[in-house]
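# Report on the structure
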Amino acid sequence: MSGDNQTSLRRQLIVRMLSMMLPLFILLWVIAYFSSQYFINAAFDRSLIRRTFALADRVEVMRGQVEVDLPVAARELLVFDQEDLLFHSIVNPAGRVIDGELDMPRLPDNQSIRPGQLIVYDGVKDGEKVRVAAFGLSLKGTSAHGTVLVQVGETLSHRSAMAGRATLAIVIPMLLMTLTAAIAIAYGVRKGLEPLSRQRDRLSARQAFDLSPVLLEGTPAELRPFLDEINSLLQRLSEAVESQSRFVADAAHQLRTPIAGIRAQAEAALSGARHDDAQHALARIAQSAQTMGDLVQKLLMLARVDAAENTLRLNRLDSADVVREVAREWVPPALAKGVEIGFDMQDSEAWVMGDAQLLREMLANLIDNALRYGGTRITLTVRRAGQSVVWQVADDGPGIPAAQRAAVFAPFHRMSGSVEGAGLGLTIVQRIAHLHDAKVSLEAGEGGAGLAVNVVFPAVPAPGPA
Ligand SMILES: Nc1ncnc2c1ncn2[C@@H]1O[C@H](COP(=O)(O)OP(=O)(O)O)[C@@H](O)[C@H]1O
Ligand SMILES: [Mg+2]
């Protein structure tokens, strides 16, 4: 089922999906990282500010002196954290650090704090990035003057660890989802294609001549058009096989009759005492042999035409040349039977694509019919009709009744009364026409008498000057 790597549907789907998911995944990662950082920063900043205010609460003025009352327990609470290093500093209006760190990162742009102002900023302390909140505590209303700068800072390790974890909390489920989808696709495609492998098993178990349609039941809709095509191919194939075997049976039957005749006549000749009887039987044998010879020749012709389908090379032909040449060949045998052949070239430009030899064979069959079944005159016509070129062989004989015109093209079909032929002539004509994209039609001859056979070719332009 895995099949060829390049054309495996499953592999293609998964590769496409993953290659689409990958950039999306990276984008999601980036968005998740920055947005979680933003929200975590905001939360951490708030707690930093809270600590700063709490520290500012501890600043007191005693007799004009700024002091800090920070018992150990409160100090622990304020400036202790499990992961981050916390530090603080309190600077009196005179600029002296009265509690905490001496080297606090400076306020941004070297500004000094105004009373009541709160600034949260990034800085560096001991070579590490830190975040600092600074508050200007006004001493108004006390016995001292000015503003006390209260600062609390912390390192960033807790924040970035949190941001990292928040990002993973978004990205990992997404990754799992993608993988699950890939697995689901792989599984789904395999399941979906199972009917196909069942079909394959059923097809490979078939006998060579089992051309019955493939069962559609249980196959996915996407495969239906494909299987329908296979079924229609099987249908055509089985029709072709059937008509082929019918043809073979008919041919065998047709051959059996003259052979039986020959045997019976030969036995009669052998047993007959009289010279005359033997002579008569031999004449019948010769006639049967002739019939058989004609039949075999026609069968071979038909086989040749069928085989030509694959090797056919069509050339640009001048209709008048081909028809005139064949007409000329048939004048002597026709005259011998008292039949006149006329050739009527109505348009000077009537080019067709064709195989000259096959087209001559086709005309020969039509003229032969006209001679056998027709009257005293045969007319060959070439003319153009729009985008078509029409070749016509017309006679003035009894013709074929309209109701029977379609049937005479079938192999071995002869109308009652005509005993000579094998019934393959018009079949050959039609197959040759088919090889040339031409259509054969039968109609009554001029004035309603006789038969006119039309072969309608697609016209092609005349060859340009060489
Ligand atoms: N020009 C024609 N006029 C009258 N009947 C014809 C003509 N051409 C063909 N037919 C009828 O059509 C039948 C089939 O013709 P064809 O296929 O050539 O077979 P065949 O000539 O071997 O009998 C003939 O048996 C004949 O009855
Ligand atoms: Mg014939």
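All residue numbers refer to positions counted from 1 along the written sequence of the respective chain. To read the labels, note that chains go from A and ligands from 1, taken in the order they are written. Selection of residues for local features in this predicted model requires a pLDDT of at least 70, selection of side-chain atom pairs for listing and counting requires 80 or more, and totals for whole chains, interfaces and linings are taken over all residues. Processing note: side-chain calculations cover all non-hydrogen atoms of the structure and skip hydrogens and water entirely.

Turning our attention to the overall build of the protein. Helix and strand definitions follow DSSP, with helices as H or I runs of at least four residues and strands as E runs of at least two, each counted in order from the N terminus. Counting secondary structure elements, the protein contains eight helices and 14 strands. Over its C-alpha trace the protein gives a radius of gyration of 52 Å, far above what one expects of a compact globule, namely 23 Å for 466 residues. With the C-alpha coordinates aligned to their principal axes, the bounding extent of the protein is approximately 170 × 60 × 40 Å. Under the scheme applied here, a residue whose accessible area is under 20% of the maximum for its type counts as buried, over 50% as exposed, and between as partly exposed, the area being computed with a 1.4 Å probe on protein chains only. Buried positions account for 37% of the 466 residues belonging to the protein. For the protein, long-range pairs separated by at least 24 residues make up 64% of all intrachain contacts whose partners lie at least 6 apart in sequence. A 1.4 Å probe and the Shrake-Rupley method give the accessible areas. Residues count as covered only by the protein chains that appear here. Accessible area of the protein: about 27,800 Å², with a carbon and sulfur share of 57%. Charge assignment in this entry is limited to Lys and Arg as positive and Asp and Glu as negative, and neither His nor the chain termini are counted. All charge positions are set by atom: Lys at NZ, Arg at CZ, Asp at CG, Glu at CD. Taking the 47 positively charged and 51 negatively charged side chains of the protein as two groups, their mean positions are separated by 3 Å. The globule rule is 2.2 Å times the number of residues to the power 0.38, and the radius of gyration it is compared with is taken over C-alpha atoms. For this analysis, residues touch if any pair of their heavy atoms sits within 4.5 Å.

Okay, the side chain of Asn365 next. If you trace the backbone, Asn365 turns up in helix H7 (residues 356–373). Residue contacts for Asn365: discarding those within four places in its chain leaves Lys298, Gly425, Ile428 and Val429.

Two aromatic rings are characterised by how far apart their centres lie and by the angle between their planes. Two rings from Phe, Tyr or Trp (for Trp, the six-membered ring) form a pair when their centres sit within 6.5 Å of each other. Planes less than 30 degrees apart are called stacked, planes more than 60 degrees apart edge-to-face, and all others tilted. Tallying each qualifying case throughout the model produces six aromatic pairs. Aromatic side chains Tyr38 and Phe39 sit 5.2 Å apart centroid to centroid with 80° between the ring planes, which places their arrangement in the edge-to-face category. We note that Tyr38, like Phe39, is exposed. Considering the side-chain rings of Phe53 and Phe135, the 4.9 Å spacing of their centres and the 90° angle between planes classify their relative orientation as edge-to-face. Linking Phe53 in helix H1 (residues 9–57) with Phe135 in strand E6 (residues 128–138), this pair joins segments that are 82 residues apart in sequence. The class for Phe53 is partly exposed, based on a relative accessible area of 36%. Positioned over the ring face of Phe87 is Lys125, at 5.1 Å from the centre of the ring. Whether a charge lies above a ring is judged from NZ of Lys or CZ of Arg, which has to be within 6 Å of the ring centre and within 35 degrees of the ring normal.

Quick look at the sheet that holds strand E3 (residues 86–91) now. Two strands make a pair as long as DSSP finds a minimum of two bridges between them. Read from one edge to the other, the open sheet built from five strands follows the order E4-E3-E7-E6-E5, with strand pairing classed as antiparallel. The open sheet is flanked by strand E4 (97–100) and strand E5 (118–125), the only strands paired with a single partner. The average angle at which neighbouring strand axes cross in this sheet is 20°, direction not considered. Alignment of E5 against E6, held across eight bridges, turns out to be antiparallel. Residue Tyr121 lies in a different strand from E6, and its bridge partner there is Val132. Convention adopted: a line fitted to C-alpha atoms gives each axis, helices being fitted over their contacting stretch, and angles between N-to-C directions are expressed from 0 to 180 degrees.

It is worth spelling out the sheet that holds strand E12 (residues 388–395) at this point. Strands belonging to one sheet form pairs held by backbone hydrogen bonds; the direction of such a pair is parallel or antiparallel. The five strands are arranged E9-E11-E12-E14-E13 in an open sheet whose pairing can be described as mixed. Both edges of this open sheet fall to strand E9 (340–345) and strand E13 (439–444), since each of them pairs with a single strand only. The average undirected angle you get between the axes of adjacent strands in this sheet is 15°. Bridge count for E9 against strand E11 (residues 377–385) is six bridges, and the pairing is parallel. Counted as the bridge partner of Gly342 is Thr379 from E11.

So, on to the packing of helix H6 (residues 319–336) against H7. With their axes 10 Å apart at the nearest point, H6 and H7 run at an angle of 35° to one another. When the axes of H6 and H7 are compared, the crossing they make is right-handed. On H7, the residues touching Val322, Val323, Glu325, Val326, Trp330 and Ala334 of H6 are Leu359, Arg360, Leu363, Ala364, Ile367, Asp368 and Leu371. Looking at the contact of H6 with H7, its residues break down into 10 nonpolar, no polar and three charged. If you view the pair so one helix is near and one far, a crossing is left-handed when the near helix is turned anticlockwise from the far one by less than a right angle, and right-handed when it is turned clockwise. Ten residues, namely Ala, Val, Leu, Ile, Met, Phe, Trp, Tyr, Cys and Pro, are considered nonpolar, four, namely Asp, Glu, Lys and Arg, are considered charged, and the remaining ones, Gly among them, are considered polar.

We now examine the domain arrangement of the protein. Size of an interface, as often reported, equals the accessible area lost when the parts are brought together. These domain limits were set by an automatic method or by a database of domain assignments. Parsing the protein into structural domains produces domain 1 (1–205), domain 2 (225–310) and domain 3 (313–458). Defined in terms of a 1.4 Å probe, buried area is the accessible area two parts forfeit on being brought together, summed over both. Between domain 2 and domain 3 the total buried area reaches about 1,400 Å² when both faces are included, carbon and sulfur atoms providing 69% of it. In terms of surface lost to domain 3, no three residues of domain 2 exceed Lys298, Leu302 and Val305, which account for 37% of the buried area on that side. Here, a salt bridge means any Lys or Arg side-chain nitrogen found within 4 Å of an Asp or Glu carboxyl oxygen. Seen at the junction of domain 2 and domain 3, the total is one salt bridge.

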